[in-house]
Amino acid sequence: MRSKFSRRQFIAGLGVLAAAQTKLGATPFQSSSKSETSSLSSSPFKIAVINDEISQDFGHACEVASQQFGMEWMELRGMWNKNVVNLDANEIAEAQRLLKKNNLRVTDMASPLFKVDWPGAPKSKFSPEQAQYNASFTYGQQGEVLDRAIELAKKFSTDRIRCFDFWRLADPAPYRQAMNDQLQQAAEKLRKLGLILILENESACNTATGAESAKVLQGVPSPAFMLNWDPGNAAMSGETPYPDGYNLLPKNRIGHCHCKDATRTAKGFEWAAMGKGIIDWVGQYKALKRDGYHHAVSLETHWHGAGTPEASSTQSWAGMKNALEKAGAL
């Protein structure tokens, strides 16, 4: 699974990056200097990017994250057009080699755990017709997904596994306690192994906002159950993520943070480059720093307005870095 880029493809890729940087009023991006890497290392946060937001070519994604962005952390979701939980032994070994080569450590396994329909409930309108992020599992397979995520967490030396809380129902109230019980059981299984379950608030799932996250955290008391706080997803659900949603959260139970931006248009909410949307990321980073947060802030671009995932992530990283600097977190 080694990167197979010709010189022509490499030069073409530099052209895309240069164009993205020009839009930002910057010079074409060069490899990060030692001082830039040192600057990220001095942050109170583990500054990361989700690998497949850059490229499905894992070697290339590692090079961009490490050599261009200056990062030392990466979040693993999918590579080589496979979901991370579907990687075979050879692919795992190759991924480990590429991470080591680029001096990258893993923040968490961004698994698709519990991103399925809740059994016995009406079919969710958010339930996709096709696989998302190359993951297609049934409710009955969730035990296998969890076991596989545990295996991968150990192999990639991380203590965190991401999950969801099932496709969003029009009325989850009749099923909420059972959902919480499922999350509690999974978290307790991880606790015994020294691992942590992090629930992402996701607009297509039953916990979408800060307000809903606070309720679920109260209903799932395991110390191994924490929140993957995603202000972008909260904004997509109509909440003002900072300060409104964030202020409702128990700060000691935020275990991960996704970074993307959103904007409001005549058609509704749409993704935006970091720093170009409605989310007060400077305020959010300041608050996280003030409240003693020291886990990952992970770029999850989602916006593809620069033409390609890589160019869009490059532009979004510039906005994210600017916000971190203004917040005094770099």
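Residues numbered from 1 in each chain as written. Predicted model: local features only at pLDDT ≥ 70, side-chain atom pairs only at ≥ 80, totals over all residues. Heavy atoms only, no water.

What should I look at first to understand the environment of Ser-43 in this one?
The residue Ser-43 is located in the loop between helix H2 (34-41) and strand E1 (46-49) in this model. A residue is classified by how much of its surface remains accessible, and Ser-43, at 10% relative accessible area, is buried. As for Ser-43 and Ala-329, which are separated by 286 residues in sequence, their C-alpha atoms are 5.3 Å apart. At a separation of 3.1 Å, a polar atom in the side chain of Ser-43 contacts the main-chain amide nitrogen of Phe-45. (Helix = DSSP H or I, 4+ residues; strand = E, 2+ residues; numbered from the N terminus. Buried < 20%, exposed > 50% of the residue type's maximum accessible area, 1.4 Å probe, protein only. Polar contact = N/O pair within 3.5 Å; in protein donor to acceptor, adjacent residues only side chain to side chain.)

How do you make sense of the packing of helix H3 (residues 58-68) against helix H4 (residues 89-101) when you look at a structure like this?
Pairs of packed helices are described in terms of their axes, by the angle between the two and the distance that separates them. At a minimum axis separation of 9 Å, H3 and H4 run at an interaxial angle of 20°. Between H3 and H4, the angle is such that the two are roughly parallel. The two elements H3 and H4 meet at a crossing, and its hand is right-handed. The residues of H4 that touch H3, namely those facing Phe-58, Gly-59 and Cys-62, are Ala-95, Leu-98 and Leu-99. In terms of residue class, the contact of H3 with H4 is made up of five nonpolar, one polar and no charged. (Axes fitted to C-alpha atoms, helices over the stretch in contact; angles between N-to-C directions. Parallel < 35°, antiparallel > 145°, perpendicular 65-115°, else oblique. Left-handed = near helix turned anticlockwise from the far one by under 90°. Contact = heavy atoms within 4.5 Å. Nonpolar A, V, L, I, M, F, W, Y, C, P; charged D, E, K, R; others polar.)

When you look at the packing of aromatic side chains in this model, what are you seeing that I'm missing?
In this description, a pair of aromatic rings is defined by centroid distance and the angle of the planes. Summed over all chains, the structure comprises ten aromatic pairs. Centre to centre, the rings of Phe-45 and Tyr-285 are 6.2 Å apart; their planes meet at 40°, and the pair counts as tilted. Of this pair, Phe-45 sits in the loop between H2 and E1 while Tyr-285 is found in helix H10 (residues 281-290), placing the two residues 240 residues apart along the sequence. We note that Phe-45, like Tyr-285, is buried. Look at Phe-45 and Tyr-293: their rings are 5.8 Å apart centre to centre, the planes differ by 50°, and that puts the pair in the tilted class. Here Phe-45 is found in the loop between H2 and E1, whereas its partner Tyr-293 is found in the loop between H10 and strand E12 (296-299), with 248 residues between them in sequence. (Phe/Tyr/Trp six-rings, centres within 6.5 Å; stacked < 30°, edge-to-face > 60°.)

How do you make sense of the pairing of strand E5 (residues 105-113) when you look at a structure like this?
On a regular strand, each side chain points to the face opposite its neighbour's, so the side chains alternate between the two faces of the sheet. By the criterion of burial, E5 is predominantly enclosed, with eight of the nine residues buried. As judged from the three bridges shared by strand E2 (residues 73-76) and E5, these two strands associate in the parallel manner. Paired with Met-74 across the two strands is Val-106, which belongs to E5. Two strands pair when backbone bridges link them, and E5 and strand E6 (residues 160-163) are joined in this way by two bridges, in the parallel orientation. (Pairing = 2+ DSSP bridges.)

Sorry if this is basic, but what is going on with the sheet that holds strand E9 (residues 254-259) here?
Strand pairing in a sheet relies on backbone hydrogen bonds. The paired strands run either parallel or antiparallel. The eight strands are arranged E1-E12-E9-E8-E7-E6-E5-E2 in an open sheet whose pairing can be described as parallel. Sheet topology places E1 and E2 at the edges, where each strand pairs with a single neighbour. With strand direction ignored, the average angle separating the axes of adjacent strands in the sheet is 25°. Pairing between strand E8 (residues 225-229) and E9: three bridges, direction parallel. Within the sheet, the bridge partner assigned to Leu-227 lies in E9 and is Ile-254. Those strands touched by H3 are E1 and E2, and its axis lies near 145° from that of E2. Each of strand E7 (196-200) and E8 is contacted by helix H7 (residues 210-219), which is oriented at about 170° to E8, the strand it contacts most.

So what exactly am I meant to see when it comes to the state of the cysteines here?
Disulfide: a covalent bond connecting the sulfur atoms of a pair of cysteines. Counted by the stated rule, this structure contains zero disulfides. With no disulfide of its own, Cys-163 lies closest to Cys-205 among cysteine sulfurs, the gap being 9.5 Å. There is no disulfide at Cys-259, and the cysteine sulfur nearest it, in Cys-257, is 4.4 Å away. (Disulfide = S-S within 2.5 Å.)

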